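Residues per chain, in single letters:
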Amino acid sequence: MSDPTGRTSDTSNTERDPRRKRILFRCWHRGMKEMDLLLGGFANAEIDRLSEEELLELEHLLTAHDQDLYAWMTGRKPLPAEWDGPLYRRIIAYHDAAGPAGFVS
């Protein structure tokens, strides 16, 4: 999870391969705090369980502009088919279950 300053409290980071570390960093350093929380919160919880296909999809999602991704994730704009995939739906489901701050109780 994260504290209010945005630092991760995940202790397994040193055991991760460089690719997963890079993806986790990119999820927490988006440029928009809302996206840091949405992607970073999910990544903290799930990064070590993601398959190769899911990692590829997450890397693709990380290429989207924050404003667009935030509008899609909050339902303010419809999600284009190009960005829809199982991992995107998993991120949305994670936050539906975890609540707005991304903390599963």
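Residues numbered from 1 in each chain as written. Predicted model: local features only at pLDDT ≥ 70, side-chain atom pairs only at ≥ 80, totals over all residues. Heavy atoms only, no water.

Another aspect to go through is helix 5 (residues 86-98). In this model, helix 5 (13 residues) spans 18 Å end to end at C-alpha, consistent with the 18 Å of a helix rising 1.5 Å per residue. Along helix 5, the positions that sit buried rather than exposed are Leu87, Tyr88, Ile91, Tyr94, His95 and Ala98. Angular distribution of buried residues about the axis of helix 5 spans 120°; they occupy a single face of the element. With respect to the buried face of helix 5, the exposed residues turned more than 90 degrees away are Pro86, Asp96 and Ala97. Where helix 5 is buried, its residues contact helix 2 (33-46), helix 3 (52-61) and helix 4 (66-73). (Helix = DSSP H or I, 4+ residues; strand = E, 2+ residues; numbered from the N terminus. Expected span 1.5 Å × (residues − 1). Buried < 20%, exposed > 50% of the residue type's maximum accessible area, 1.4 Å probe, protein only. Arc of directions from axis to C-beta. Contact = heavy atoms within 4.5 Å.)

Glancing now at the nonpolar core. Core analysis: the biggest nonpolar cluster contains 26 residues, and Leu39, Leu58, Leu69, Met73 and Ile91 have the highest contact counts within it. Secondary structure elements with two or more residues in this core: helix 1 (18-28), helix 2, helix 3, helix 4 and helix 5. For Leu69, the contacting residues outside a window of four places in its chain are Arg30, Met35, Leu39, Leu61, Ala64 and Tyr88. (Core = buried A, V, L, I, M, F, W, Y, C linked by side-chain atoms within 4.5 Å.)

Two aromatic rings, taken as a pair, are described by how far apart their centres are and by the angle between their planes. The full count for this structure, using the stated rule, is two aromatic pairs. Their ring planes at 35° and their centres at 5.5 Å tell us that Trp72 and Trp83 sit as a pair that is tilted. Of this pair, Trp72 sits in helix 4 while Trp83 is found in the loop between helix 4 and helix 5, placing the two residues 11 residues apart along the sequence. (Phe/Tyr/Trp six-rings, centres within 6.5 Å; stacked < 30°, edge-to-face > 60°.)

The next point concerns the environment of Met73. Tracing the backbone shows Met73 in helix 4. Along the sequence, Met73 and Ile91 sit 18 residues apart, while their C-alpha atoms lie 8.9 Å from each other. Ignoring sequence-local partners within four residues, the contact set of Met73 consists of Met35, Leu38, Leu39, Tyr88, Ile91 and Ile92.

Attention now moves to helix 3. Looking only at helix 3, the buried set comprises Leu55, Glu57, Leu58 and Leu61. Buried residues in helix 3, looked at end-on, bunch into an arc of 160°, giving them a common side.

Another point: the confidence of the model for the protein. Mean pLDDT for the protein: 85, with 80% of residues reaching 70 or above. Across the protein, element-level confidence peaks in helix 1 with a mean pLDDT of 97 and bottoms out in helix 5 with 91. (pLDDT = per-residue confidence, 0-100.)

Attention now moves to the packing of helix 1 against helix 3. Taken N-terminus to C-terminus, the directions of helix 1 and helix 3 make an angle of 35°; their axes are 11 Å apart at the nearest point. The element helix 1 and its partner helix 3 pack so that their crossing is left-handed. Seen from helix 1, the contacting residues are Arg19, Arg20, Ile23, Arg26 and Cys27; seen from helix 3, they are Glu52, Leu55, Leu56, Leu58 and Glu59. (Axes fitted to C-alpha atoms, helices over the stretch in contact; angles between N-to-C directions. Left-handed = near helix turned anticlockwise from the far one by under 90°.)

To continue, consider the environment of Ala64. Within the secondary structure layout, Ala64 lies in the loop between helix 3 and helix 4. With 19 residues separating them along the chain, Ala64 and Trp83 place their C-alpha atoms 8.6 Å apart. With residues near it in sequence (within four places) discarded, Ala64 still touches Arg30, Leu69, Trp72 and Trp83.

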